[in-house]
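Spelled out, the chains give:
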Amino acid sequence: MSTPVKVAVTGAAGQIGYSLLFRIASGELLGKDTPVELRLLEITPALKALEGVVMELDDCAFPALAGVQIGDDPDVVFDGANVALLVGARPRTKGMERGDLLEANGAIFTAQGRALNDHAADDVRITVTGNPANTNALIAMSNAPDIPTERFSALTRLDHNRAIAQLAAKVGAPVTDIRRMTIWGNHSATQYPDLFHAEVGGRNAAEAVGDQSWLENTFIPTVAKRGAAIIEARGSSSAASAASATIDHTRDWLLGSAQDDWVSMAVRSDGSYGVAEGLISSFPVTTAGGGYEIVQGLEIDDFSRARIDASVAELAEERDAVTKLGLI
Ligand code: NAX
């Protein structure tokens, strides 16, 4: 067997962790023949629950699972990590202002950024799922000066997958017929799912839908507010689908996106499409060899421009807020 790939997961005792860990250990991230060692980070009070999850991982006897380590010290847990999935975050609680949320998460993501900087493997790739994901990724990246900025990303793949599912249902096509979906901007209600560059069976998706009112008044808000709809129905936030999207995102990043298609990833803007350089914003990207490239040359009409700009403006506000707090 080859040397195991060390996959660190934070918030490992949480809801998303409970789905994510088993899928990684069963080989869905890197393939059944690639051994993985899980490095699981939790806060001290959750370590006991995490021990129970590890017992269940043991009980699955996954052939590809070469080992599991748990702990509450990111310096130890991130040691030698090749992949870091930052899922754990401070949720917004009653009475908490947005600034308080950014500050609470700032403390987590500054410390984790530094720990990754000092202890992760040279080839580490980092995906932030914990909200506010884009800005948490910006904080971690800014506190890890020795890690190339293109190794940081935030998850908008769940939004991307939600957009594919909504479009497929509308046009009555299988999800496999849909290509080139794009989520632009922030993983928040301002995100912009773009049908103008997507395709259904090779045909432009906006044309295939042929209904601007559905696109504007149903599709965009349904995708953007899907998280809230799931909380309303399930009584807790999306977990299995978020874990699945975290797998899709990281697998495609490491192993490459499909020919003739692209995926949505929130990555550091290089100024493409007028998105201020340095923000972690969602773009259409192709991936290969563990790297990504932002798809270039898409025409952005006024409708799309206004929506991309609104979401990017929110990202800039969040960046300004965490700058003021001294987090970046
Ligand atoms: P849970 O509250 O079930 O689990 C979070 C876990 O993180 C808890 O076990 C907690 O102890 C742990 N944690 C908190 N601070 C930590 C720290 N400093 N180090 C390590 N662990 C820490 O939340 P869950 O439903 O699993 O969601 C996790 C995060 O994903 C949340 O921030 C949530 O908002 C976010 N989401 C992001 C999505 C995306 O598409 N980007 C979609 C799903 C989800 O809402």
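Here the structure is shown first, and the text comes after it.
Residues numbered from 1 in each chain as written. Predicted model: local features only at pLDDT ≥ 70, side-chain atom pairs only at ≥ 80, totals over all residues. Heavy atoms only, no water.

Glancing now at the pairing of strand 3 (residues 65–71). For strand 2 (residues 36–41) and strand 3, the ladder comprises 6 bridges, and the chain directions are parallel. Each bridged residue has a counterpart across the sheet, and for Leu-38 the counterpart in strand 3 is Val-68. The β-α-β motif built from strand 2, the intervening helix 2 (residues 47–60) and the parallel element strand 3 has right-handed crossover chirality. (Pairing = 2+ DSSP bridges. Helix = DSSP H or I, 4+ residues; strand = E, 2+ residues; numbered from the N terminus. Right-handed = clockwise from strand over helix to strand, strands pointing away.)

In this section: the packing of aromatic side chains. For any two aromatic rings, the description comes down to two numbers: the centre-to-centre distance and the angle of the planes. This structure, assessed with the given rule, holds 6 aromatic pairs. Aromatic pair Trp-184 and Tyr-273: ring centres 4.9 Å apart, planes at 75°, arrangement edge-to-face. Here Trp-184, found in strand 8 (residues 182–184), pairs with Tyr-273, found in the loop between strand 12 (263–268) and strand 13 (280–288); they are 89 residues apart in sequence, far enough to count as distant. You'll find Trp-184 and Tyr-273 in the same group, each marked buried. Each ring, one from Trp-214 and one from Phe-219, has its centre 5.3 Å from the other, and the planes form 35°; the classification is tilted. (Phe/Tyr/Trp six-rings, centres within 6.5 Å; stacked < 30°, edge-to-face > 60°. Buried < 20%, exposed > 50% of the residue type's maximum accessible area, 1.4 Å probe, protein only.)

Now for the layout of surface pockets. The calculated volume of the largest pocket comes to roughly 1,400 Å³. Ala-89, Pro-91, Thr-129, Gly-130 and Asn-131 are the residues nearest the centre of the largest pocket, which is lined by 46 residues in total. Taken together, the elements giving at least two residues each to the lining of the largest pocket come down to helix 1 (15–25), helix 4 (98–119), helix 6 (157–171), helix 9 (226–234) and helix 11 (302–324). Residue contributions to the lining of the largest pocket peak at 7 residues, all from helix 4. Considered class by class, the residues forming the lining of the largest pocket number 20 nonpolar, 17 polar and 9 charged. Estimates place the volume of the second largest pocket at around 240 Å³. Lining the second largest pocket are 16 residues; nearest its centre among them are Arg-157, His-160, Ile-164, Ile-178 and Asp-261. Elements supplying a minimum of two residues to the lining of the second largest pocket: helix 6 and strand 7 (178–179). With 4 residues, helix 6 is the largest single contributor of residues to the lining of the second largest pocket. Residues belonging to the lining of the second largest pocket are distributed by class as follows: 7 nonpolar, 4 polar and 5 charged. (1 Å grid on protein atoms, 1.4 Å probe; cavity = no way out; pocket = protein on both sides within 12 Å on 5 of 7 lines; lining within 4 Å. Points joined across faces, edges and corners; volume = space filled by probe spheres on them. Nonpolar A, V, L, I, M, F, W, Y, C, P; charged D, E, K, R; others polar.)

A word on the nonpolar core. Ranked by internal contacts, the top residues of the largest apolar core, which has 40 residues, are Leu-167, Met-181, Leu-195, Phe-283 and Val-285. Of all the secondary structure elements, the ones that give two or more residues to this core are helix 6, strand 8, helix 7 (205–209), helix 8 (212–224), strand 12, strand 13, strand 14 (291–294) and helix 11. In contact with Met-181, other than residues within four places in its own chain, are His-160, Ala-163, Ile-164, Leu-167, Asp-194, Leu-195, Ala-198, Trp-262 and Ser-264. If you look at the next biggest cluster of nonpolar residues, it comprises 32 residues, including Ile-16, Leu-21, Leu-30 and Ala-239. (Core = buried A, V, L, I, M, F, W, Y, C linked by side-chain atoms within 4.5 Å. Contact = heavy atoms within 4.5 Å.)

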